[in-house]
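# Examining the three-dimensional arrangement
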Amino acid sequence: MTTSPLADRTTTAAARATDLSKIYGQGETQVVALDRVSVDFRQAEFTAIMGPSGSGKSTLMHCVAGLDTFSSGSVRIGDTELGSLKDKQLTKLRRDKIGFIFQAFNLLPTLSALENITLPMDIAGRRPDKEWLDTVIKMVGLADRLSHRPSQLSGGQQQRVAVARALASRPDIIFGDEPTGNLDSRSGAEVLGFLRNSVRELGQTVVMVTHDPVAAAYADRVVFLADGRIVDEVHGPTAESVLDRMKRFDAKGRTS
Ligand SMILES: Nc1ncnc2c1ncn2[C@@H]1O[C@H](COP(=O)(O)OP(=O)(O)O)[C@@H](O)[C@H]1O
Ligand SMILES: [Mg+2]
């Protein structure tokens, strides 16, 4: 199997991996973290990536987001081939075109919520689009918390700041690695709702790694990884259908 038939080659992709492989180490200690993965992340689509621990979820996300190098294959963000970029260009692309949300909120404690939201753009010397910023802040319900420091906000509110920060520069694509992993279920549901709204209402493209079927059900589709390969894909997932799929993998072993 060279190219996954699951990858849609016809519609516009915000990001695309083709035959992407990532091998750590050499010889006996070699680990194939990604084994010729081909996948499209289409514009204005919310994709969840699931799979057992060690299946390559973070590696896939990091390679597609330009945070890590890969061994072979190619990655595109929009029309830009990542493999062709020098370090500086890659840094600029990450800054201008990609938003990140991590499990840890990664806010600066001395800055207000608003300053945290606009920080990446301030660093880049870009002026935020005021109207867009207002839309984003309203959507995540932070209008009356903007002058608060992170320590004055709940975990859920802090992650909402991180979501607003990711959305503020209108990136081509937002990547989240277990963005609700540190939140209670109610705050998690809020953050997932905002991510889904950003896709439905604002046309944002979102890719989220999660191990939680309930979180995955917020996505438009779920891509399943096992042993560095894409082994299945579910469209219009529900928590039940995702759980069912996960159980079947466990029962059958990791076959593609
Ligand atoms: N820096 C590294 N050096 C060596 N092996 C690594 C490194 N990072 C990840 N791996 C291996 O690559 C595989 C995929 O890891 P990862 O992408 O983190 O999986 P997941 O996010 O699905 O838990 C695992 O076998 C892991 O041990
Ligand atoms: Mg991981």
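Here, every reference points to the structure presented above.
Residues numbered from 1 in each chain as written. Chains lettered and ligands numbered in written order. Predicted model: local features only at pLDDT ≥ 70, side-chain atom pairs only at ≥ 80, totals over all residues. Heavy atoms only, no water.

## Some words on the packing of helix H4 (residues 130–139) against helix H6 (residues 185–202)
One way to put it is that H4 packs onto H6 with a least axis distance of 11 Å and a crossing angle of 140 degrees. In terms of orientation, H4 and H6 fall into the oblique class. In this structure, H4 crosses over H6, and the sense of that crossing is right-handed. Contacts between H4 and H6 involve Trp132, Thr135 and Met139 on the former and, on the latter, Phe194, Asn197, Ser198 and Leu202. Residues that form the contact of H4 with H6 fall into these classes: 4 nonpolar, 3 polar and no charged. (Axes fitted to C-alpha atoms, helices over the stretch in contact; angles between N-to-C directions. Helix = DSSP H or I, 4+ residues; strand = E, 2+ residues; numbered from the N terminus. Parallel < 35°, antiparallel > 145°, perpendicular 65-115°, else oblique. Left-handed = near helix turned anticlockwise from the far one by under 90°. Contact = heavy atoms within 4.5 Å. Nonpolar A, V, L, I, M, F, W, Y, C, P; charged D, E, K, R; others polar.)

## Things to note about the site of ligand 1
What surrounds ligand 1 is the set Tyr24, Val31, Ala33, Pro52, Ser53, Gly54, Ser55, Gly56, Lys57, Ser58 and Thr59. Interatomic distance of 3.5 Å between a side-chain N/O atom of Tyr24 and a nitrogen atom of ligand 1. Residue Ser55 places a main-chain N or O atom 3.2 Å away from an oxygen atom belonging to ligand 1. Against a free-state accessible area of 560 Å², the protein chains account for coverage of 57% of ligand 1. Among the elements that take part in the shell around ligand 1, helix H1 (residues 57–64) stands out by supplying 3 residues, more than any other. Among the residues making up the shell around ligand 1, the classes are represented as 4 nonpolar, 6 polar and 1 charged. (Near = heavy atom within 4 Å. Polar contact = N/O pair within 3.5 Å; in protein donor to acceptor, adjacent residues only side chain to side chain. Areas by Shrake-Rupley, 256 points an atom, 1.4 Å probe, with all protein chains shown as cover.)

## Remarks on the side chain of Glu233
Locating Glu233 in the fold gives a position in strand S10 (residues 229–235). Since its relative accessible area comes to 13%, Glu233 is described here as buried. Within the local environment of Glu233, its side chain forms a polar contact with the side chain of Arg221, the two groups lying 3.0 Å apart. A polar side-chain atom of Glu233 sits 2.9 Å from a polar atom in the side chain of His235. (Buried < 20%, exposed > 50% of the residue type's maximum accessible area, 1.4 Å probe, protein only.)

## Points about the packing of aromatic side chains
Here the structure, examined in full by the defined rule, presents 2 aromatic pairs. Centroid distance Phe100 to Phe102: 5.8 Å. Interplanar angle 10 degrees. Geometry classified as stacked. The exposure class assigned to Phe102 is partly exposed, which follows from its relative accessible area of 28%. Pairwise contacts between aromatic rings join Phe100, Phe102 and Phe175 into one cluster. Here the basic side chain of Arg170 rests over the ring of Trp132, its NZ or CZ set 3.5 Å away from the ring centre. (Phe/Tyr/Trp six-rings, centres within 6.5 Å; stacked < 30°, edge-to-face > 60°. Lys NZ or Arg CZ within 6 Å of the ring centre and 35° of its normal.)

## Points about the pairing of strand S9 (residues 221–226)
Across the 6 residues of S9, 6 count as buried, placing the element largely inside the fold. Residues Arg221, Val223 and Leu225 line one face of S9 and the alternating positions Val222, Phe224 and Ala226 line the opposite face, and both faces are buried. Note: strand S3 (residues 46–50) against S9, 4 bridges, orientation parallel. Across the sheet, the residue bridging to Thr47 is Arg221, located in S9. Relative to S10, S9 runs antiparallel, the two being bridged by 6 bridges. Within S10, the residue paired with Arg221 across the bridge is His235. (Pairing = 2+ DSSP bridges.)

## Quick notes on the sheet that holds S3
Reading across from one edge, S6-S7-S8-S3-S9-S10 is the order of the 6 strands in this open sheet, with mixed pairing throughout. Looking at which strands have only one partner, the edges of the open sheet turn out to be strand S6 (98–101) and S10. Strand-to-strand, the axes of this sheet are offset by a mean angle of 20 degrees, without reference to chain direction. Contacting S6 and strand S7 (173–177), helix H5 (residues 155–168) runs over the sheet at an angle of about 170 degrees to S6.

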